[in-house]
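The lines below spell out each chain.
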Amino acid sequence: QVQLVESGGGSVQAGGSLRLSCAAFGYTASINYMGMGWFRQAPGKEREGVAAIYIGGSSEFYANSVKGRFTIVQDNAKNTVYLQMNSLKPEDTAMYYCAAGAYGLWVKSPLRGDVYNYWGQGTQVTVSS
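Values in this document were obtained by computation on a predicted structure and should not be read as measured data.

(A) Region of interest: the nonpolar core. Ranked by size, the top nonpolar core spans 30 residues in total, and within it Met36, Trp38, Leu83, Met85 and Tyr96 carry the most contacts. Counting only elements with at least two residues in this core, the list comes to strand 3 (18-25), strand 4 (34-41), strand 5 (48-54), strand 7 (70-75), strand 8 (80-85), strand 9 (94-102) and strand 11 (123-128). Counting seven residues, the second-largest nonpolar core is a separate cluster that includes Phe39, Ala52, Ala99 and Trp106.

This is the structure we're talking about:
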């Protein structure tokens, strides 16, 4: 199986930046063969797909709410996916989760959570006014 380890969450003021990391471990955990995604969920709200990537940037997708502010980057040498978050807003406050899935399902709808097989534990992002 695949284990995903997330880091980089924290507190920041509106307009600031954070960089989240997701490292993959396991016998089959080579992210160059998998679709990777970032999701978030705030209290009382449904889970939202934020960004997704495949094969080191050959395909990228973003939610409209973060387009132009967030960037997803894949480093195959480190088996790690990053989410660079700029111009953060208070409404970006949420628990952020990393996910991994096979391309055959991922390509159909990369911002839907049910196409992913593995999930990280989550890292909290808090943006203050």
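(B) Just the pattern of salt bridges, in detail. Counted by the stated rule, this structure contains four salt bridges. With its nearest N and O atoms 2.9 Å apart, the salt bridge here joins Glu48 to Arg40. Under the relative-accessibility criterion, Arg40 is labelled buried at 7%. The partner of Asp114 in a salt bridge is Arg112, with the nearest N and O atoms 2.4 Å apart.

(C) Representation of the pairing of strand 7. A one-sided burial pattern is seen for strand 7, the buried positions being Phe70, Ile72 and Gln74 and the unburied ones Thr71, Val73 and Asp75. Where strand 7 and strand 8 come together, six bridges link them in antiparallel fashion. What sits directly across from Phe70, in strand 8, is Met85.

Analysis parameters
Residues numbered from 1 in each chain as written. Predicted model: local features only at pLDDT ≥ 70, side-chain atom pairs only at ≥ 80, totals over all residues. Heavy atoms only, no water. Core = buried A, V, L, I, M, F, W, Y, C linked by side-chain atoms within 4.5 Å. Buried < 20%, exposed > 50% of the residue type's maximum accessible area, 1.4 Å probe, protein only. Helix = DSSP H or I, 4+ residues; strand = E, 2+ residues; numbered from the N terminus. Salt bridge = Lys/Arg side-chain N within 4 Å of Asp/Glu carboxyl O. Pairing = 2+ DSSP bridges.

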